[in-house]
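Chain residues, written in single-letter form:
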Amino acid sequence: MLDKEGIAKRIAKEVKDGYYVNLGIGIPTLVANYIPENIDVVLQSENGLLGMGPFPFEGEEDPDTINAGKQTITKLPGSAVFDSAMSFGMIRAKKVNLTILGAMEVSENGDIANWKIPGKMVKGMGGAMDLVASAENIIVAMQHVNKAGESKLLPNCTLPLTGIKCVKKIVTELAVLDVLPDGGFKLVERAPGVSVEDIKKATAGKLVVEGDVPEMAI
Amino acid sequence: MNKVVSGAHEAINDIKDGMTLMLGGFGLCGLPEKTILALAESGIKDLTCISNNAGVDDFGIGLLLRNRQVKKMISSYVGENAEFERQLLSGELEVELIPQGTLATRCMAAGYGMPAIFTPAGIGTEVAEGKEIRNFNGKDYLMEMAFDADFAIVKAWKGDTMGNLVYRSTARNFNPVMAMAGKVTIAEVEELVEPGELDPDHIHTPGIYVHRIFKGENYEKRIEQRTVRKKQ
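Reading the values: the criteria
Numbers given to residues run from 1 along each chain, matching the order in which its sequence is written. Labels follow written order: the first chain is A, the first ligand is 1, and so on. The predicted nature of this model means local features are confined to residues of pLDDT at least 70 and side-chain atom pairs, given and counted, to a pLDDT of 80 or more, with totals for whole chains, interfaces and linings taken over all residues. The side-chain numbers reported here are obtained from all heavy atoms of the structure, hydrogens and water having been left aside. Put simply, DSSP marks the helices as runs of H or I at least four residues long and the strands as runs of E at least two long, and each gets a number from the N terminus on. Whether two residues are in contact is decided by their heavy atoms: any pair within 4.5 Å suffices. Put simply, buried area is the surface a 1.4 Å probe can reach on two separate parts but cannot reach once they are joined, added for both. Criterion for a salt bridge: a side-chain nitrogen of Lys or Arg within 4 Å of a carboxyl oxygen of Asp or Glu. Think of a polar contact as two N or O atoms within 3.5 Å of one another; within protein, one of them needs to be a possible hydrogen donor and the other a possible acceptor, and neighboring residues in sequence only count if both atoms come from side chains. Three classes are used: nonpolar for Ala, Val, Leu, Ile, Met, Phe, Trp, Tyr, Cys and Pro, charged for Asp, Glu, Lys and Arg, and polar for all others, with Gly counted as polar. Grid points spaced at 1 Å and placed over the protein atoms alone form the basis of the search, with a cavity being a set where a 1.4 Å probe fits but cannot get out and a pocket an open set showing protein on both sides within 12 Å along at least five of seven lines. Lining residues have an atom within 4 Å of a point. Grid points are joined across faces, edges and corners, and a volume is the space filled by probe spheres set on the points. Stacked, edge-to-face and tilted are the three classes for Phe, Tyr and Trp ring pairs, Trp counted by its six-membered ring, which pair at centre distances within 6.5 Å; planes under 30 degrees apart are stacked, over 60 edge-to-face, the rest tilted. Relative accessibility thresholds used throughout: buried, under 20% of the residue-type maximum; exposed, over 50%; partly exposed, between the two (1.4 Å probe, protein chains only). A pair of strands counts as paired when DSSP detects no fewer than two bridges linking them. Throughout this description, the term nonpolar core refers to a set of buried Ala, Val, Leu, Ile, Met, Phe, Trp, Tyr and Cys residues connected via side-chain atoms within 4.5 Å. Two cysteine sulfurs form what is called a disulfide whenever their separation falls within 2.5 Å.

A.B. asks: Describe unusual backbone geometry, listing the residues and the values that go with them.
C.D. replies: Note: most residues except glycine have negative phi, and most peptide bonds are trans. Residue and element names in this part refer to chain B. Even without being a glycine, Arg68 presents a positive backbone phi close to 55°. Residue position: Arg68 is located in the loop between α3 (61–66) and β3 (70–75). Positive phi, normally seen in glycine, also occurs at Lys221, with a value near 45°. Structurally, Lys221 can be placed in the segment after β11 (212–215).

Take a look at the structure:
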């Protein structure tokens, strides 16, 4: 089973040389720590920055320089700043190559819910609806089951949707899964020490298992 | 073409109860904090506020919420504010949550003189309820209307007396598109300079969009999430 860092490490292997990448809040943010040094990647922050750098050194925080999670960050040589309309313009126009975000639920046809729990949590969708509606390459980083032990990979989402038929790949503490074009979660890799049976038990939606499923190398 | 006013109180002196305001900023970054303080002292009420976030309990739009001056918020993300959540759950405050890109682009449309935009954001979700959907090249898009705001209130880094504005770093965020979208636009700046001191090639918001400008003093620029790394 993977911890959060492990999930981030596995997702980092999906990041390719030359990519512009948008990282959501939570586990996706950790992915930045594991992008191989020999590839050239530019991180987009949807509040209006390309070329997001690491956190500043203590005492060098700039209140005018933050990421979409409102954390103080730094800019890098070659960074560019722009307004919020242009930021979502480049997202809508599919200039961003990869979007990595978290989810509360994903359905077997690629629907995603991650912004609202009626009666409990109403914080808003932020940029998530724009991202999932336009991005062609979306990876979800999430826990396979919730705190009550219930699967978050479902036949249909039960929570209010963020977007429909948009998730292509999911990385959880148990597995890497592809969402098939005709529906279903195809099991691609198992986390170290996790059996196909474990994954079947934790997946409420349709799970497609073909042949031997390799253990992931991270 | 001198747009300079004495300060925030003069800038807002014709804002009336029930008006619609746009407020720049992302979280607390690039927030027109001086004008918000003046609004909080003014007692103006029943405001509709269009702003990406709702501030925190004791800073930014949170101050207006605490004073019950806001009737309706139109935002994309409103976490980090307990008073907001309380008023929302109790029904005291009307809230319209919309996607962040839709919010920015509805501002942009107003500033470009276009009545509406088409965006895929929200298709298949509750955001699409009651809205016109058009299919272009096999994909569905929602029609979203340009905002109609009485005042836009923005914060820039530098401005000149003619209202030309330059923003700094990610404090730019919603400010340029909101500056373009108000019937009346108020800009507060950290540095106010004479015409000619800003390079025309470096101006982000041309002064034609700005009606009033003033220099704010002693910016607090509060940080919402201070994240740092240790020096090795």
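Having put the structure on the table, let's press on.
A.B. asks: How would you explain the interface of chain B and chain A if you had to name every residue and give the values?
C.D. replies: Counting residues at the interface gives 50 residues for chain B and 49 residues for chain A. Among the residues of chain B in contact with chain A, Thr170(B), Thr227(B) and Arg229(B) are the three that bury the most area, contributing 15% of the side total. The tally of links from chain B across to chain A stands at seven salt bridges. The interface formed by chain B and chain A includes 33 residue pairs in polar contact (both at pLDDT 80 or more). Where the side of chain B that touches chain A is concerned, the elements lending two or more residues are α4 (82–89), α5 (100–112) and α6 (175–181) of chain B. A total of six residues in the side of chain B that touches chain A trace back to one element, the largest contributor, which is α5(B). Looking at the side of chain B that touches chain A residue by residue, the class counts come to 20 nonpolar, 17 polar and 13 charged.

A.B. asks: Explain the layout of surface pockets to me, and be specific about the residues and the numbers.
C.D. replies: Residue and element names in this part refer to chain A. As a volume, the second largest pocket reaches approximately 680 Å³. Lining the second largest pocket we find 29 residues, and of these Ala32, Leu43, Met52, Gly53 and Pro54 sit closest to its centre. Elements represented by at least two residues in the lining of the second largest pocket include exactly α2 (27–31), β2 (42–45), β3 (49–52) and β4 (75–81). Tallying contributions element by element places β4 first for the lining of the second largest pocket, with four residues. For the lining of the second largest pocket, a count of residues per class yields 17 nonpolar, ten polar and two charged.

A.B. asks: Explain empty space enclosed by the protein to me, and be specific about the residues and the numbers.
C.D. replies: Across all of its chains, the model carries five cavities of 30 Å³ or more by this definition. Lining the largest cavity we find Pro63(A), Asp64(A), Leu28(B), Cys29(B), Gly30(B), Leu31(B), Glu33(B), Lys155(B), Tyr219(B), Lys221(B) and Arg222(B). Of the residues contributing to the lining of the largest cavity, the split by class is five nonpolar, one polar and five charged.

A.B. asks: Tell me about the packing of aromatic side chains, and name the residues and values.
C.D. replies: All names here are of chain B. Inspection of every chain in the model, using the stated rule, returns two aromatic pairs over all chains. Centroid distance Phe118 to Phe136: 5.1 Å. Interplanar angle 75°. Geometry classified as edge-to-face. Residue Phe118 is found in strand β5 (residues 116–119), and its partner Phe136 is found in strand β6 (residues 133–136); the two are separated by 18 residues along the sequence. For Phe118, a relative accessible area of 31% puts it in the partly exposed group.

A.B. asks: Outline the sheet that holds β3(A), listing residues and values.
C.D. replies: All names here are of chain A. Ordered in space as β4-β3-β2-β1-β5-β10-β12-β13-β14-β15, the ten strands form an open sheet in which the pairing is mixed. A strand with exactly one partner marks an edge of an open sheet, and here the two such strands are β4 and β15 (207–208). In this sheet, strand β14 (residues 185–190) lies alongside strand β13 (residues 175–179) in antiparallel orientation, the contact comprising five bridges. When the sheet's bridge partners are listed, Ala175 is paired in β14 with Arg190.

A.B. asks: So, the nonpolar core: which residues are in play, and what are the values?
C.D. replies: Side chains of nonpolar character tend, in soluble globular proteins, to be buried together. Membership of the largest hydrophobic core comes to 48 residues, with the highest contact counts inside it found for Val31(A), Ile100(A), Val140(A) and Ile170(A). Beyond its immediate chain neighbours, meaning those up to four positions away, Val140(A) contacts Leu101(A), Gly102(A), Ala103(A), Val106(A), Ile112(A), Val167(A), Lys169(A), Ile170(A) and Val171(A). The next biggest cluster of nonpolar side chains, apart from the first, holds 44 residues, and it includes Ile36(B), Leu39(B), Ile61(B) and Leu97(B).

A.B. asks: Go over the environment of Ala133(A), please, and point to the residues and values.
C.D. replies: By the element assignment, Ala133(A) lies in helix α4 (residues 128–134). Each C-alpha atom of the pair Ala133(A) and Ile164(A) lies 7.7 Å from the other, and the pair is 31 residues apart in sequence. For Ala133(A), the residues in contact, after removing those within four places along its chain, are Pro120(B), Ala121(B) and Lys139(B).

A.B. asks: Can you break down the state of the cysteines residue by residue, with the values?
C.D. replies: All names here are of chain B. In total, this model carries zero disulfides over all chains according to the counting rule given. Sulfur of Cys49: no disulfide; nearest cysteine sulfur belongs to Cys107 and is 13 Å away. Of the residues examined, Cys49 reaches a relative accessible area of 0% and is grouped as buried. Residue class for Cys107 comes out buried when judged on its relative accessible area of 0%.

A.B. asks: Tell me about the pattern of salt bridges, residues and numbers included.
C.D. replies: Once the charged atoms of two side chains with opposite charge are near each other, the side chains can pair. Under the criterion given, the structure shown has 29 salt bridges over all chains. Between Lys221(B) and Asp64(A) there is a salt bridge, with its nearest N and O atoms 2.7 Å apart. With one member in each of two chains, Lys221(B) in the segment after β11 and Asp64(A) in the loop between β3 and β4 form a pair that bridges those chains. In terms of burial, Lys221(B) and Asp64(A) fall into one category: buried. In this structure, Glu126(B) and Lys116(A) form a salt bridge, with 2.8 Å as the shortest nitrogen-oxygen distance. Placement of the pair is Glu126(B) in the loop between β5 and β6 and Lys116(A) in strand β8 (residues 116–117), with the two residues belonging to separate chains. On the basis of relative accessible area, Lys116(A) is assigned to the buried category, the value being 18%.

Shape is all these values report; function is a separate question.
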